[in-house]
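Structural features, examined
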Amino acid sequence: MPEQHSRGAARERDRGLRRVGRITWQAGAAGVAAAAAVAMAFGHQAAAQRAPERAPASHSREPGGIVIPAQPPKPSSGGSSVTSGAS
Amino acid sequence: MTTDAPGRDSFEVFGTTAVLLVTSPPAIGLARDIAADLLAEVDRACSRFRPDSELSRLNAAPGQEVVVSEVLADLLSAALRAARLTGGTVDPTCLRALASLGYDRDFALVRAAGDMPPRLTGTVGPVPGWRRVHLDRHARRVRVDGGAQLDLGATAKAWAADTAATRIASQVGCGVLVSLGGDVCVAGPPPDDGWHVRVTDDHAAPAGAPGQTVTISSGGLATSSTTVRAWRVGGRPVHHIIDPATGEPARSCWRTVSVAAGSCADANTASTAAIIRSAAAPDWLHDLGLPARLVRHDGTVETTAGWPREDGPEDAA
């Protein structure tokens, strides 16, 4: 009798542990999904708000290459503040 | 952005002129302090005319591993980046070639010497090459092999302009333009109509000198020329832009090239390489998407990649 009782208790304990593990995994997965949803919603909103202010980005035609300017120089009809020339 | 006249300051550095402009005029004093501190650091690190500079000590220790400061490690990184991105057209191992032409002292002394006697009967030959420089950037260890001697003049000024502009914009919180002998970098929010920059042969030229005025709002603008840092050796005209393939001053169809890029260092790399690449430069710049203005010896102008066009040969201001 004591042996049967002991086996029954072990089975109950295993079942309980599996249930706790399942609940923990489900809670974790739900948390990840919720966090992703929140990030997407707010990320999209933030990006939409930033978009009009964003300047064109500098980039290079090859990874790690010489970076081209965000915009090429524009013509100026006014006086200059500084001179770019050799020194 | 602002429409007020910018605050302005200028001072002598590296044998040339530094100009600072800030969109918040009261900030000009702080901007100058930040720039002056950085430029003093750069001078201590890489002046080849100071026997106590780190670069002089490195050049005096061939084949030995030397631990260098953060600033010199950054400057060496910038020089090696320029060499890598140009396939070795802009090479820091050109010190012996420059010295053989008599440019082994401050340029004011070279100019004052007039026509210098030739030091060699033949040519120097190709420079040792940038692959002789072994830099561990993380550990700040560098070793220079193969008898190479370094001159960082092609890239140090531009790197300093970029770094000064970035630091000032970050610490002062306004728009800034830094020009070091004509190597220009802007950072922070620009004035409403951008920064107006005159491009011409000589950064110290008077306002009426031939050239073109443009506006930029970000990044860098640099000009390289064979006409300014030029002197004579044995009656032969020479200049400071060395072609690594020959160890001689570059024979270029362009007298002056100005380039706009994402940084002053990249603009300077491209303008120097364009002088050396000569007739091949416009296609190279076009392929890279770099706006540039190239001036032939007769004053006619070619432009690339969206640089604003002008009519006919160089205009006057």
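Residues numbered from 1 in each chain as written. Chains lettered and ligands numbered in written order. Predicted model: local features only at pLDDT ≥ 70, side-chain atom pairs only at ≥ 80, totals over all residues.

What follows concerns the pairing of strand 15 (residues 254-261) of chain B. All names here are of chain B. Burial analysis of strand 15 places 8 of its 8 residues in the buried class, which makes it a mostly covered element. Across 6 bridges, the pairing between strand 10 (residues 219-225) and strand 15 is antiparallel. Note that in strand 15 the partner of A222 across the bridge is V259. Sheet topology places strand 15 next to strand 16 (residues 292-296); 5 bridges connect them, and they run antiparallel. The residue of strand 16 that forms the bridge with W254 is R296. (Buried ≥ 20, exposed ≤ 12 C-beta atoms within 10 Å, placed from the backbone. Helix = DSSP H or I, 4+ residues; strand = E, 2+ residues; numbered from the N terminus. Pairing = 2+ DSSP bridges.)

Turning next to the packing of helix 1 (residues 28-46) of chain B against helix 6 (residues 156-172) of chain B. All names here are of chain B. Helix 6 packs onto helix 1 with a crossing angle of 150 degrees between their chain directions and a minimal axis gap of 9 Å. In the packing of helix 1 onto helix 6, the handedness of the crossing is right-handed. On helix 6, the residues touching L30, A31, I34, A35, L38, L39, V42 and C46 of helix 1 are A156, A160, T163, A164, R167, I168, Q171 and V172. Residue composition of the contact of helix 1 with helix 6, by class: 13 nonpolar, 2 polar and 1 charged. (Axes fitted to C-alpha atoms, helices over the stretch in contact; angles between N-to-C directions. Left-handed = near helix turned anticlockwise from the far one by under 90°. Contact = placed C-beta atoms within 7 Å. Nonpolar A, V, L, I, M, F, W, Y, C, P; charged D, E, K, R; others polar.)

With that settled, consider the sheet that holds strand 15 of chain B. Residue and element names in this part refer to chain B. If you trace the 8 strands from one edge of the open sheet to the other, you get 1-2-6-7-10-15-16-17, paired in antiparallel fashion. With partners counted over all chains shown, the strands left at the sheet margins are strand 1 (7-13) and strand 17 (301-304), one partner each. Each adjacent strand pair in this sheet contributes to an overall mean axis angle of 10 degrees, direction not counted. As judged from the 4 bridges shared by strand 16 and strand 17, these two strands associate in the antiparallel manner. Note on strand 17: the bridge partner recorded for L294 is E302. Sitting on the sheet, helix 1 is in contact with strand 1, strand 2 (16-22) and strand 6 (176-180), with an inclination near 140 degrees to strand 2. Sheet strands in contact with helix 7 (residues 264-277) are strand 7 (183-187), strand 10, strand 15 and strand 16, and its direction is about 155 degrees off that of strand 15.

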